[in-house]
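Inside the fold
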Amino acid sequence: MRATVGHALNQANRPVTGIRQQPGTPEDELAHRFRAGDEQALREAYDRYGRAVLHLATSTLVNRSDAEDATQATFVAAWLGRETFDPAKGSLVGWLLGIGRRKVIDRLRSVARDNRVVETVRQLPDPVPSGSDPDTVVDRLVVADELARLPDEQRRMLELAFFDDLTHQQIATVTGVPLGTVKSHIRRGMASLKRRWEVDGAAPGARSAGLSGAR
């Protein structure tokens, strides 16, 4: 990897000088149309400034795919939040680059979390081989289906606890989430699962399997 995450974060945080647009210029007109919700202006903004945002992303992110994802996320966020853009305070490209920096930093943090999870899982001892117990397979499928209905953070914590068999402390370590918050997410997630199992009439085995994963 050509730079550490810390170095990359510093690089991503360096200010990017936006080009101040002059009133009455094509850039000024495009900015006002963009803010007004003109979809053609969105396409024009992407054609005109997409390379600048991608350059910002590729100068920090090693993976080209990650840089392209960050660029796309930048324009999605900009379009959804276009009403917060004030042409009187700066140029559209400067505003987009500001959003781009935040998306790059978010991506760096996400990659770092994913790498910690992968590394922690790699260091775990190999699971004890077990037979293909049909009940166990069904239990895990039931739990997976129920987990998919939970809010993102609760689902993620329970997946790490149940499927990756991580303790609360290990989950806090690999995700960077405070231990108390991890326990809170798992507790609320387990409560939601329990209520759903009681309503749906899930197999008792699935209930016990899910509970055994969160420690």
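Our structure is the block above this text.
About the criteria used
Residues numbered from 1 in each chain as written. Predicted model: local features only at pLDDT ≥ 70, side-chain atom pairs only at ≥ 80, totals over all residues. Heavy atoms only, no water. Buried < 20%, exposed > 50% of the residue type's maximum accessible area, 1.4 Å probe, protein only. Helix = DSSP H or I, 4+ residues; strand = E, 2+ residues; numbered from the N terminus. Axes fitted to C-alpha atoms, helices over the stretch in contact; angles between N-to-C directions. Parallel < 35°, antiparallel > 145°, perpendicular 65-115°, else oblique. Left-handed = near helix turned anticlockwise from the far one by under 90°. Contact = heavy atoms within 4.5 Å. Nonpolar A, V, L, I, M, F, W, Y, C, P; charged D, E, K, R; others polar. Phe/Tyr/Trp six-rings, centres within 6.5 Å; stacked < 30°, edge-to-face > 60°. Lys NZ or Arg CZ within 6 Å of the ring centre and 35° of its normal. Expected span 1.5 Å × (residues − 1). Bend = angle between axes of the 7 residues up to and from the residue. Polar contact = N/O pair within 3.5 Å; in protein donor to acceptor, adjacent residues only side chain to side chain. Salt bridge = Lys/Arg side-chain N within 4 Å of Asp/Glu carboxyl O.

**Remarks on helix α8 (residues 168–175)**
For α8, the full list of buried residues reads His168, Ile171, Ala172, Val174 and Thr175. Gly176 occupies a position one or two residues after α8 and carries a positive phi of about 80 degrees.

**Some remarks on the packing of helix α3 (residues 39–58) against helix α4 (residues 64–80)**
The contact between α3 and α4 brings their axes to 9 Å, and the two run at 140 degrees. By the angle between their directions, the pair α3 and α4 is classed as oblique. For the pair α3 and α4, the sense of crossing is right-handed. Residues Glu39, Leu42, Ala45, Tyr46, Tyr49, Gly50, Val53, Leu54, Ala57 and Thr58 of α3 form the contact with α4, whose participating residues are Arg64, Ala67, Glu68, Ala70, Thr71, Thr74, Phe75 and Trp79. Residues that form the contact of α3 with α4 fall into these classes: eleven nonpolar, four polar and three charged.

**Observations concerning the packing of aromatic side chains**
Counted according to the given criterion, the structure contains four aromatic pairs. When the ring of Phe34 is compared with that of Trp79, the centres are 5.4 Å apart and the planes differ by 80 degrees; the resulting orientation is edge-to-face. Taken together, the positions of Phe34 in helix α2 (residues 26–36) and Trp79 in helix α4 put the pair 45 residues apart, joining distant regions of the chain. The pair Phe34 / Trp79 is uniform in exposure class, with both members buried. Both rings, one in Phe85 and one in Trp95, keep their centres 5.0 Å apart while their planes meet at 35 degrees; by these two values the pair is tilted. In this pair, Phe85 is assigned in the loop between α4 and α5 (92–123) and Trp95 in helix α5, connecting sequence segments ten residues apart. Each member of the pair Phe85 and Trp95 is classed as buried. An aromatic cluster is present here, built from Phe34, Trp79, Phe85 and Trp95 joined pairwise through their rings. A cation over a ring is seen here: Arg82 above Trp79, with NZ or CZ 4.2 Å from the ring centre.

**As for the environment of Val76**
With respect to the secondary-structure elements, Val76 resides in helix α4. Using a relative accessible area of 42% as the deciding quantity, one classes Val76 as partly exposed. Through-space distance from the C-alpha of Val76 to that of Leu42 is 9.8 Å; in sequence the pair is 34 residues apart.

**Considerations on the environment of Phe75**
With respect to the element layout, Phe75 can be found in helix α4. The exposure class of Phe75 is buried, given its relative accessible area of 5%.

**Let's talk about α3**
Its 20 residues give α3 an end-to-end C-alpha distance of 26 Å, which sits within 8% of 28 Å, the value for a rise of 1.5 Å per residue. At Tyr49, α3 shows its maximal kink, close to 55 degrees. Among the residues of α3, those classed as buried are Ala41, Ala45, Tyr49, Gly50, Val53, Leu54, Leu56 and Ala57. Two or three places before Gln40, at the start of α3, stands the capping residue Asp38, its side-chain oxygen 2.9 Å from that residue's backbone nitrogen.

**Side note on the pattern of salt bridges**
Inspection of the entire model under this criterion finds six salt bridges. For Asp38, the salt bridge identified is with Arg33, shortest N-O distance 3.1 Å. Taking relative accessible area as the criterion, Arg33 reaches 22% and is therefore assigned partly exposed. Note that Arg107 and Asp66 form a salt bridge whose closest N and O atoms lie 2.8 Å from each other. One end of the pair, Arg107, is in helix α5; the other, Asp66, is in helix α4, with 41 residues separating them in the sequence. What makes Arg107 partly exposed here is its relative accessible area of 26%.

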